[in-house]
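So the chains spell out like this:
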Amino acid sequence: MTNLPKDQVEAIAAALKNKDDIVVTAKQQSQGKTIGLTFIIIFIMNLLGIMKSVGNKFEAKVANSGCEANFPRKIALVLIAARITIQSSRIQALLWAKEEDKILDLLKFTNDEKDKLNNKTIYLGLDYIQENQIKIEDKLFKAYYGNNPPKRLFYDVTSSYVTGDYSDSELVAYGYNRDRKKGTQQIVIGLLTDENGHAISIHTYPGNTNDISTFTDQLDKLKNRFNLDSITIVGDGGMIKSEDIIKVKKLGYDYITSIGKPSIQKLIDNKDSQIQLSLFDEDLQEVIENDTRYIVRQNPIRRDEIRQTRESKITRLKEFIDMKVEYHNTHYRAKQETVQKHINKKISDLKLSKFISYEITYKEENITIKNKKGEEEIKSKDMASIEIIIDTKAKIQVEQLDGCYVVTTSLTDTSKDTKEEIHKAYKTLIKVENAFKTLKTEFLEIRPLYLKTDKRIKGHVALSMLAYNITLKLKSYTNQAKLNFKDTIRKLSTVKTVINTINSAIKFETIPFICEDLIKLFDQMKFKLPTKI
């Protein structure tokens with residue numbers, strides 16, 4: 001700057017001293033990079049303790065990268081923000097951070113760090129998250145809850161499909177696919193949340209892992225990592241089995257889960273049990289037997305839906321049979337056993353075999369066909385006629401448990417936990433399902449996975465959990481402000497800086513006025529967007 005003419009130096013000094021009072025014409029302004037959504041993400045990162053927890057001085061293996069140990073932590077924060085902002089690959093995140101957004105400046109990347117951030121070093125962020133996931137989760141738990149840990153935690157499992165060659169992977173495998181992607185390999189993901197849906201811990205399992213086998217890990221985590229002396233863990237009926245219940249009780253914990261239709265029927269059939277069909281009503285009822293509390297209910301809306309679906313299946317079966325009969329009777333070479341085989345399979349597939357059967361009769365008739373020469377011939381054929389038989393008593397028996405469900409728990413003290421509270425807790429499991437929707441389909445789009453190492457797949461899943469918690473918090477703010485979440489994201493994404501240039505010698509950036517919806521959001525958040533940076 002000392003090489004500039006004296007008058008230019010004086011002009012720059014005056015401009016810097018009175019920058020707020022400078023009037024800049026449109027010709028002296030140009031559009032800068034996006035900043036609105038990034039500002040909010042960083043604000044929430046600080047609010048949730050993510051900035052400190054991820055930015056704490058954990059292990060950062062940066063051997064041969066030529067980078068400072070702090071570098072991977074900053075990249076991890078960039079990738080978390082990118083997951084929310086663009087939901088794309090690491091390479092796209094790199095381009096976004098370097099070319100389109102102000103995040104590198106907001107996270108105080110040095111010029112040297114900016115230069116070293118490339119399509120190889122960008123993956124250091126994933127490696128860092130994976131290497132320090134347990135420490136980050138533990139620190140976040142303490143930061144978020146302090147001395148008031150949640151009373152109940154909620155656990156569920158999902159899967160996420162992958163694409164590409166994973167022949168060397170110990171993580172990627174074929175298994176029960178919830179994504180309905182036949183023929184694709186997958187990973188299994190277990191998620192632990194509180195009653196508000198805030199994610200506490202996430203774990204990536206091999207794709208062929210049975211859901212039930214993941215539950216024990218959660219118990220060990222609660223006891224040994226989060227040091228919880230008492231907690232109620234809530235899980236789906238298919239998740240918490242009798243052997244898990246024994247371990248839950250040994251740890252001094254409690255559980256809330258449910259049982260399936262066969263177990264419910266077994267209780268009803270047991271003459272020594274107080275649980276009878278007459279107990280199932282729209283209003284909650286409860287029974288305590290053998291240190292287990294049963295909360296029973298029949299949901300009338302669900303009951304009617306199930307019965308409507310069943311009647312629809314019967315209609316579909318009739319239409320299917322009519323179609324097969326017509327085909328058989330109009331095709332000379334159609335075989336009787338083929339008709340029966342198809343109908344039997346259809347009844348089985350529609351799960352109607354408990355009360356539906358059929359009677360098939362044949363009557364020989366003449367039909368006209370064309371031979372190989374195209375000439376018409378008269379041939380005799382056994383024409384099929386099928387009558388569907390519905391066993392009314394068996395159908396009523398099947399319908400008895402429509403809409404019925406039973407929640408079970410070890411919380412037997414009715415003065416401490418009412419049946420309504422326990423029922424509500426079990427229904428709160430929907431928030432874990434909603435978390436999976438946000439992670440997989442509705443917003444964060446963590447699938448399909450293209451990462452080529454198990455380590456980075458785990459890092460990606462762990463990083464996505466942190467992005468989910470930020471998203472959940474931002475959703476709560478938009479709900480409180482009565483704004484549409486996705487519309488708000490779009491509006492935040494359009495907020496860009498303005499580059500102001502004076503005498504071609506000095507540049508500074510300001511943030512223009514924002515729309516009323518964003519003002520409303522910021523007021524709700526108690527966040528003040530700076531006018532200049």
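Quick look at the structure, then. Please read these numbers as outputs of a predicted model, since none were measured by experiment.

This next bit is on the pairing of strand β9 (residues 356-370). Sheet topology note: the β9/strand β10 (residues 376-390) ladder contains 15 bridges and is antiparallel. Considered in β10, the bridge of E365 is made with K381. Between β9 and β10, which pair antiparallel in sequence order, lie five residues; one of them, G374, sits at a positive phi of approximately 85°.

Strand order in the open sheet formed by eight strands is β4-β3-β2-β5-β6-β11-β8-β7, and the pairing between neighbours is mixed. In this open sheet, the two edge strands, each paired with only one partner strand, are β4 (199-206) and β7 (285-289). Neighbour to neighbour, the strand axes of the sheet diverge by 25° on average, direction disregarded. Across five bridges, β7 lies against strand β8 (residues 292-298) in antiparallel orientation. Note on β8: the bridge partner recorded for Q285 is V296.

Below, the discussion takes up the pairing of strand β3 (residues 186-193). Working note: regular strand, side chains alternate between the two faces of the sheet. For β3, the tally of buried residues reaches eight of eight residues, placing the bulk of the element in the interior. Every second residue of β3 is oriented toward a common face, with Q186, V188, G190 and L192 on one face and I187, I189, L191 and T193 on the other, all of them buried. Of the pairings in the sheet, the one linking strand β2 (residues 152-161) to β3 comprises eight bridges and is antiparallel in character. Each bridged residue has a counterpart across the sheet, and for S159 the counterpart in β3 is V188. Where β3 hands over to β4, the hairpin turn is made up of five residues, of which G197 adopts a positive phi near 90°.

Cut-offs applied
Residues numbered from 1 in each chain as written. Predicted model: local features only at pLDDT ≥ 70, side-chain atom pairs only at ≥ 80, totals over all residues. Heavy atoms only, no water. Pairing = 2+ DSSP bridges. Helix = DSSP H or I, 4+ residues; strand = E, 2+ residues; numbered from the N terminus. Axes fitted to C-alpha atoms, helices over the stretch in contact; angles between N-to-C directions. Buried < 20%, exposed > 50% of the residue type's maximum accessible area, 1.4 Å probe, protein only.

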